[in-house]
Amino acid sequence: MKKVKSLVKRLLGRPVSEAAPVTVDICSQTHNGFVVIGWYFADRVSDVGLVDAENAKLDYDLTYIDRQDVVEHLGRPAKGFQLLSTTELALSDIKLAVTLFNGLSEYLPLALVNADQFAMPSGTAESEIEITEQDVRERASCHYAIVTDTHAFLSGWIADENDTISGQLVTKKGRNLGHIVKQLRVGRSDVQDVLGEKVKWLNGFLVLIELDDVKVPEGGEIFFSIQHASGKEQRVAVQEVYRAEKEPMANLKRLLNAWMPHIAEHLDAHTLFKPIIDVLYPLDKTTQAKRVDVGGRVAKPRASVVIPLYGRYDFMRYQLSHFDRYDAYADVEILYVVDDPRIEDKVKKLANTLSYSIKHPFSVVYLKENVGFGKANNIGVKQASSEHIVLLNSDVLPKDSSWLADMLALAQQPQAGIVGARLLYEDDTIQHDGMAPMTVAEYPGLFFNDHPKKGWPKHLVAVPEPEPVSKMALLTAACWVMKKALFEEVGGFAPEYILGDFEDSDMCLKVLAKGYTNYMDHGAELYHLERQSQNLVESGSWKHNVTILNAITFNRKWEKQLNHLVQSGDNHHG
Amino acid sequence: MDKVVFISHGHPDLSKGGAEVASWNLYQLLKSEGVECLYIARADEKSHGGSTFSQRGDEVLFHTKIQDWFSLSSGNTKALFGDLGKLLKSFSPDIVHVHHYAHMGIEIFSAIRRAVPKAKIVFTLHEFMAMCFHNGQMVTKDKLKLCNKAVFSDCHGCFPQHSPGDFFLRKQYILDHFSHVDQFVSPSEFLAERYVEWGIPEDKMTVLENVLPDVEPIAPRALSDGDKRYRFAFFGQINPYKGLDLLLQAIALLPQAIRSKIRLDVHGANLDVQQSSFKEKVTELLEEVEDVVHLRGQYDADQLPSRIAECDWVVMPSIWWENSPVVIQEAIRFGRPLIGANIGGMKEKIEGKAGLTFEVRSAASLADTIKRAIEPDVFDHWHAKLETYACAKSAHLKFLRSLV
């Protein structure tokens, strides 16, 4: 509520529309759904809610907000609201349902509005976890533990005097389960708001416990036993115990959502998460893959195109329509890898529909579990029957069919490593024309992947002549061509990046290390409808934190090479 | 040209839109020329025993639907590529003339190409559906402003739930399937230019006016002494795009001396199915000018001559571009000059040829134009011009014969 009020304060003075019965001030994505904040005329509207495309009610929390500012401004009764929904639906499938006093309902499509103004509180700390009366009495709380066979991660707060916590994880009977090996104290304004300013700011804690050769009992109560400076011991009940391997994605969010790596102490403490992450995403994780061929297989393909699908799957219709249109693809194998069990049924249905309308054979590899971008591609490449592979994102659509032959010709040269393409947004501006290492102020010493000249009209970005080709160390895997043997020689994409990040630049550096040369084919144009902003500066979400962890992994592995690239300017754009 | 298949998104007995009527007229023309024809009209999904096809008169009804109106993709690729494909293959036409993909799916062109690879595929454009998700109107969604060009980010502005990238995909998908069309036919230069600018190759575009059945011109209404050309008629759907509200506003602006003599007949229906705000607006305006306006309701084709005979001028006050409205052709053929808005297909077909134009969306300009039009000499001038009208029949025959 507090957060909402402060946001509303920021919105005061925004011009208000008098015509519409409902005004949406903010519509933004949260880490697990959407939030819609706005107000309505209380003499016209009786209620608001969220519905799906079929007008079926969604699950949401509705909070009313006093909007005296609107009442004063317009001289009419008005009521503010916040709708918070946990959902996997896309925003395009969600509508704002407005019930009017005349009995009619209106369903309004939603779009992102002032999304940048809604910085979701970085931790579960403030957004989801309430401070109960018992917490206030005990002046401490331990929200949850994420446990593995060897470790436990604890998140909570305590109004203590110490800078660091001493304590153990114990059973109800007081038996020791494990001891603290790493910890990080975290600022919690929500606790201060409830307990008063005298409570210190860094009252929150993130703690890594190493277990003493015992397992945390399933279903049993466990406690975080904390020693105060006075020598007094306080037992804080762990409210929820999550087995790490049971829900990797949910636990990853729980693990990282209170981490604020832009603070130096937090960044330094990154190893705190590693023992848990190693269990959430084991390096050797494999999964069952089932290949279904639609319309047979292409005999002796000139190239195999590998396209992972995650989340949105309708791109398949547009891509296959494109491949079906041009004869140039006649001897090209198309392999989709469905890295998302949630969409398996929908993909099957679409593949069935397309089996009548698409003449070109295609194959779909269904993975039993989500393994992430790199591993999904590794599995796809294993299925490829051509000597040349094309890695393509599902949201990439070629301009015409000319790119493939040009890129293949380059990739076939003996010393050629990876060949990348010029990728464009739908308005013919640059999305990718080669990558370069960049630093950002918040994370000194870490290199990230920059897309130089992103958003420039393409005619303002020169193409080398006479051949539209340049040497380029780092390339995006959204579209690239290489020999299958080379992909295998470097061991495929590295497994240590969580969810999918940096695998492409990592492989580029592996290929360079083997003595090959990577090329950028500026003449090969494809559209990349990059949907999610991959802007690093938007901090404050667990996804951002995953990127930071991956960046640390990437930089440790390639520190020397990255510095060399930057110093030599080899990777720079003209 | 021995065998021609027509594909329409509706049977004119069941739905009397411009595209259905245009395809029907051409079908009748080719039959009269001795060409063996098969007319396939899309119908709703229900059919005997769930069969894909049924029959109405000599025509085949094709029971199918569109699944996704955004990408215009078929909900039943099996019906399109399987059943329709087999029917086409068995009939073995040398031309397939498509008059719409609506309700069937944009994949219909690929389906035809695959079934009868050697046949020429002709597609007649009727509005902007391929480039504008707003019912093909090229008018913005909320404010109904005229739109000159489909720019992805602007389309996203009309439909925030679809990203600019989605509109890019939509266009690419449509162009993939349009690539199977051998010749596009546009009934107006205006529409042709818009589509060429959008992405259809110029050498695949032919402008040919819609074919109308033969009719005899009707003599102008006889005037008694001192009488003027006071009778105006509106033919068409009553919806926000056709601009009846604008015409009623224009009448309300006329000086009482003229207004007391004028009569407007409204031949059209469907006000009851419109959105409440539009309905209220039109109802209010109708009350305001009830001394002038007669609501005549829907009419059948055979009632048109008698209804048109009653009027002096036909008014087309549309607020969208229009393509080549059948009403314009019919008015010209029956010998009635027109008053139309000065944009798009109306400007092309009326200005300097068949009557007067006024500043689009301006009730004042329309009122001024009506004042001019009542003068008998103005009427006589434009009426005389209508006699030079050339029928598109022979042009269509020549065009189709040139393909095979």
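Here the structure is a predicted model, which is why all the values come from computation and not from measurement.

**Overview of the overall build of chain A**
Item 1. The number of helices and strands found in chain A is 15 helices and 27 strands.
Item 2. Its C-alpha atoms give chain A a radius of gyration of 27 Å, near enough to 25 Å, the size a compact globule of 574 residues would have.
Item 3. Structurally, chain A occupies a C-alpha span of about 75 × 65 × 45 Å along its principal axes.
Item 4. Buried positions account for 53% of the 574 residues belonging to chain A.
Item 5. The long-range share in chain A, meaning contacts at least 24 apart out of those at least 6 apart in sequence, stands at 75%.

**Remarks on the interface of chain A and chain B**
Item 1. Counting residues at the interface gives 22 residues for chain A and 24 residues for chain B.
Item 2. Carbon and sulfur atoms supply 61% of the area that chain A and chain B bury against each other, a total of about 2,100 Å² over both sides.
Item 3. The largest contributions to the chain A side of the interface with chain B come from Tyr318, Arg325 and Tyr356 of chain A, which together make up 30% of the buried area.
Item 4. Our enumeration of links across chain A and chain B arrives at three salt bridges.
Item 5. Asp166 of chain B is the partner of Arg312 of chain A in a salt bridge, and the nearest nitrogen-oxygen pair spans 2.9 Å.
Item 6. The interface formed by chain A and chain B includes ten residue pairs in polar contact (both at pLDDT 80 or more).
Item 7. Contributing elements (two or more residues each) for the side of chain A that touches chain B: helix H9 (315–325) and helix H10 (344–357) of chain A.
Item 8. Sorting elements by how many residues they give to the side of chain A that touches chain B places H9 of chain A first, with seven residues.
Item 9. Grouping the amino acids of the side of chain A that touches chain B by side-chain chemistry returns ten nonpolar, five polar and seven charged.

**Details of the confidence of the model for chain A**
All names here are of chain A.
Item 1. The predicted model of chain A averages 88 in pLDDT, with 91% of residues at 70 or higher.
Item 2. Within the model, pLDDT remains below 50 along residues 119–127, and this stretch shows 21 contacts once partners closer than five positions in the same chain are excluded.
Item 3. In the model, residues 533–538 has pLDDT below 50 throughout and makes seven contacts with residues more than four positions away in sequence or in other chains.

**Points about unusual backbone geometry**
Item 1. Following Glu465 of chain A, the chain continues into Pro466 of chain A via a peptide bond in cis, with omega recorded as -5°.
Item 2. Even without glycine at this site, Lys453 of chain A takes up a positive phi of about 65°.
Item 3. Within the secondary structure, Lys453 of chain A is located in the loop between strand E24 (448–450) and strand E25 (469–471).
Item 4. Accessibility expressed as a relative area gives 21% for Lys453 of chain A, which makes it partly exposed.
Item 5. Even without being a glycine, Leu72 of chain B presents a positive backbone phi close to 60°.
Item 6. Structurally, Leu72 of chain B can be placed in the loop between strand E5 (66–68) and strand E6 (73–74).

The rules behind these values
Residues numbered from 1 in each chain as written. Chains lettered and ligands numbered in written order. Predicted model: local features only at pLDDT ≥ 70, side-chain atom pairs only at ≥ 80, totals over all residues. Heavy atoms only, no water. Helix = DSSP H or I, 4+ residues; strand = E, 2+ residues; numbered from the N terminus. Rg over C-alpha atoms; globule rule 2.2 N^0.38 Å. Buried < 20%, exposed > 50% of the residue type's maximum accessible area, 1.4 Å probe, protein only. Contact = heavy atoms within 4.5 Å. Buried area = accessible area lost by both parts, 1.4 Å probe. Salt bridge = Lys/Arg side-chain N within 4 Å of Asp/Glu carboxyl O. Polar contact = N/O pair within 3.5 Å; in protein donor to acceptor, adjacent residues only side chain to side chain. Nonpolar A, V, L, I, M, F, W, Y, C, P; charged D, E, K, R; others polar. pLDDT = per-residue confidence, 0-100.

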